[in-house]
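Okay, here's what each chain looks like letter by letter:
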Amino acid sequence: MEIAVTENSGVTILTPMNERLDAHNSDTLKGAMKESFEAGAKNVLVDLSNVRFIDSSGLGALVSGFKNSVSHRGRLTLSGLQEQVRSMFELTRLHRVFEIYEGLDEALASFAEGDVHG
Amino acid sequence: MEQKAAHMTEDRADSALARELETARRIQLLLLPEVPHGVLGVRIACRSIPAHQVGGDYYDFFRWDESTLDLVIADVSGHDLGAALIMVETRSVLRAHAYRAGDAGDALSMLNELLYDDLTRTELFLSMFYAKYCTDTRLFSYASAGHNPPLLLRCGREGCMDLDADGMILGVMKGVTFEEKNIRLQDGDMLVLYTDGITETKSGSGELFGRERLCRAVYAHRGAPPEAVIDGVLAEVRVFSGDGALQDDISLVVMKID
């Protein structure tokens, strides 16, 4: 899976380009988040706006990213959740664990303000 | 000549691997329980079909006495050999500790603490629905760790109710508590516990089978015995998926109250 990696005001933005985040490609995203934190990034944003479908493996990759962010004292936020992705977060209650923003701009603004939502 | 020999070695390795996977499949299916006997006033059927040789789905029953039964269904993230190993660990841990849990929420909290380190190391998690049913009082108490809400079909009523209770999937955080809910069941009620392989089955055009279709399928077969309800639902899922190949593990438990 292709993941676009960009930097914006000290935030590493990872954007999966596929419509599906599942068992076939979630390892790539997992690896990209891990590499970012291991390379010293403190602020990582995963922009999910292209993802129309996520399965448990896709969620697993994001949970792994969340645990990496905690162990590296970094911050991982998500933005651009489409309907099916949002409902998976609600079913699993993962929306309580992740900082989730409507769009990229709101997520970037939160980094600029330095707020941390629960 | 050398190339031919290399192919033959590869073929032998492939068939050895296929045999080992077949053994793993057979053993994993044997680890799933048969329906519990000797519980008064319920009829149960259950089925699990892995998408590949082995999978991450799990269900179980603990019959404590003739009027007390625990039902559990779970889904480990992924559906490969790794998920299957965690499924087996979950089963062992739960079977060893289930007797200690006071209620359904306790069972999930306890399991989350016991499995957390392994789930973190293996980067996996699981969803689980745990219920305790007392046939004397007909009280069905349940808790959920981010699992698809089971469907309850009330006798004489249209449609399905979702049995949802608040709780996070297992393996994400320690110290999680789970909401415990209760509902009193009646004669003719039917409960359907399932894993998301059913609702996430895709049609040729990419549409998902979904909760509504499952509800309609179950409702259409509501008069049939539990085993036939499962057959009916699976037949509809297969027709919907077109080519018949499963994309994810599928498990179903159907319980009817008599």
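Keep in mind it's a predicted model, so treat the numbers as computed, not measured.

Scoring rules and cut-offs
- Residues numbered from 1 in each chain as written.
- Chains lettered and ligands numbered in written order.
- Predicted model: local features only at pLDDT ≥ 70, side-chain atom pairs only at ≥ 80, totals over all residues.
- Helix = DSSP H or I, 4+ residues; strand = E, 2+ residues; numbered from the N terminus.
- Rg over C-alpha atoms; globule rule 2.2 N^0.38 Å.
- Contact = placed C-beta atoms within 7 Å.
- Buried ≥ 20, exposed ≤ 12 C-beta atoms within 10 Å, placed from the backbone.
- Nonpolar A, V, L, I, M, F, W, Y, C, P; charged D, E, K, R; others polar.
- Pairing = 2+ DSSP bridges.
- Axes fitted to C-alpha atoms, helices over the stretch in contact; angles between N-to-C directions.
- Expected span 1.5 Å × (residues − 1).
- Bend = angle between axes of the 7 residues up to and from the residue.
- Parallel < 35°, antiparallel > 145°, perpendicular 65-115°, else oblique.
- Left-handed = near helix turned anticlockwise from the far one by under 90°.
- Arc of directions from axis to C-beta.
- Domains from an automatic or database assignment.

*Asks:* Describe the overall build of chain B, with residues and values.
*Replies:* Each helix and strand in chain B was counted, giving six helices and 10 strands. The C-alpha radius of gyration computed for chain B amounts to 19 Å, which stays within 12% of the reference 18 Å derived for 258 residues, consistent with globular compactness. Dimensions of chain B along its principal axes, counting C-alpha atoms only, are 75 × 40 × 35 Å. Considering only residue pairs separated by 6 or more positions, chain B has 70% of its internal contacts joining residues 24 or more positions apart.

*Asks:* If you had to explain the overall build of chain A to someone new, which residues and values would you point to?
*Replies:* In terms of helices and strands, chain A carries four helices and seven strands. Principal axes of the C-alpha set define a box for chain A whose edges measure 30 × 25 × 25 Å. Looking at chain A as a whole, 47% of its 118 residues are labelled buried. Pairs at least 24 residues apart make up 72% of the contacts formed inside chain A by residues separated by at least 6 positions.

*Asks:* Give me the lowdown on the interface of chain B and chain A, citing residues and values where you can.
*Replies:* A common way to express how large an interface is: the accessible area buried when the components associate. At the junction of the two partners, chain B supplies 17 residues and chain A supplies 15 residues. Taken together, the residues of the side of chain B that touches chain A sort by class into six nonpolar, eight polar and three charged.

*Asks:* Summarise the sheet that holds strand E2 (residues 57–65) of chain B; cite the residues concerned and give the values.
*Replies:* All names here are of chain B. Read across the sheet, five strands follow the order E2-E3-E4-E5-E8 without closing on themselves; strand pairing throughout is antiparallel. Either end of the sheet is taken by a strand with one partner, and the two such strands are E2 and strand E8 (181–184). Ignoring which end each strand starts from, the neighbouring axes of this sheet average 15° apart. Note: E2 against strand E3 (residues 68–76), eight bridges, orientation antiparallel. Looking at the pairing, arginine 63 lines up with leucine 69 of E3.

*Asks:* Let's hear about helix H3 (residues 104–122) of chain B: which residues, and what values?
*Replies:* All names here are of chain B. Here H3 is 19 residues long and its end C-alpha atoms lie 26 Å apart, about the 27 Å a rise of 1.5 Å per residue gives. Remark: the principal bend of H3, roughly 50°, maps to leucine 115. Residues of H3 that are buried include every one of Ala104, Gly105, Ala107, Leu108, Ser109, Leu111, Asn112, Leu115, Leu119 and Thr122, and no others. Buried residues in H3 make contact with helix H2 (81–97), strand E4 (126–134) and strand E5 (139–145).

*Asks:* Describe the sheet that holds strand E2 (residues 11–16) of chain A, naming the residues involved and giving the relevant values.
*Replies:* Residue and element names in this part refer to chain A. Across the sheet, five strands lie side by side as E1-E2-E4-E6-E7; this open sheet has mixed pairing. The open sheet is flanked by strand E1 (3–8) and strand E7 (99–101), the only strands paired with a single partner. Across the sheet, the axes of successive neighbouring strands diverge by a mean angle of 25°, strand direction being ignored. With respect to the sheet, helix H2 (residues 56–71) is in contact with strand E4 (43–47) and strand E6 (75–79), its orientation differing from that of E6 by roughly 145°.

*Asks:* Run through unusual backbone geometry, naming residues and quoting values.
*Replies:* Positive phi, normally seen in glycine, also occurs at serine 9 of chain A, with a value near 45°. When you line up the elements, serine 9 of chain A lands in the loop between E1 and E2.

*Asks:* Talk me through the pairing of E5 of chain B; I want residue IDs and the actual numbers.
*Replies:* Residue and element names in this part refer to chain B. Counting buried positions along E5 yields five of seven residues, so the element is predominantly enclosed. Where E4 hands over to E5, the hairpin turn is made up of four residues, of which arginine 138 adopts a positive phi near 65°. Relative to E8, E5 runs antiparallel, the two being bridged by four bridges. By the bridge assignment for E8, phenylalanine 140 is matched with isoleucine 183.

*Asks:* I'd like a rundown of the packing of H2 of chain B against H3 of chain B, residues and numbers included.
*Replies:* Residues and elements named next belong to chain B. Interaxial distance between H2 and H3 falls to 10 Å at its minimum, and their mutual angle equals 155°. When the axis of H2 is compared with that of H3, the two are roughly antiparallel. Between H2 and H3 lies a crossing of right-handed hand. Packed against H2, whose contacting residues are Gly82, Ile86, Glu89, Thr90, Val93, Leu94 and His97, the element H3 presents Met110, Leu111, Leu114, Leu115, Asp118 and Thr122 at the interface. The class makeup of the residues in the contact of H2 with H3 is seven nonpolar, four polar and two charged.

*Asks:* Account for the packing of helix H5 (residues 210–220) of chain B against helix H6 (residues 226–241) of chain B, naming residues and giving values.
*Replies:* All names here are of chain B. Relative orientation of the contacting elements H5 and H6 amounts to 140°, with a least axis distance of 9 Å. Taken together, the axes of H5 and H6 are oblique relative to one another. Viewed along their axes, H5 and H6 form a crossing whose handedness is right-handed. Facing H5, whose interface residues are Leu214, Ala217 and Val218, H6 presents Val229, Gly232, Val233 and Glu236. Among the residues making up the contact of H5 with H6, the classes are represented as five nonpolar, one polar and one charged.

*Asks:* Describe helix H3 (residues 83–92) of chain A, naming the residues involved and giving the relevant values.
*Replies:* Within H3 of chain A, the full set of buried residues consists of Val85, Met88, Phe89 and Thr92 of chain A. All buried residues of H3 of chain A project into a common sector of 100° when viewed along the axis, lining one side. Looking at the packing, one finds that the buried side of H3 of chain A touches strand E5 (53–54) and H2 of chain A together with E4 of chain B. Positioned one or two residues after H3 of chain A, arginine 93 of chain A has a phi angle of 65°, which is positive.

*Asks:* Mind laying out the domain arrangement of chain B, listing which residues take part and the relevant values?
*Replies:* Residue and element names in this part refer to chain B. Domains assigned within chain B are domain 1 (1–31) and domain 2 (32–257). With seven residues of domain 1 in contact, the opposing surface of domain 2 contributes seven residues. Partitioned by chemical class, the residues of the side of domain 1 that touches domain 2 number four nonpolar, one polar and two charged.

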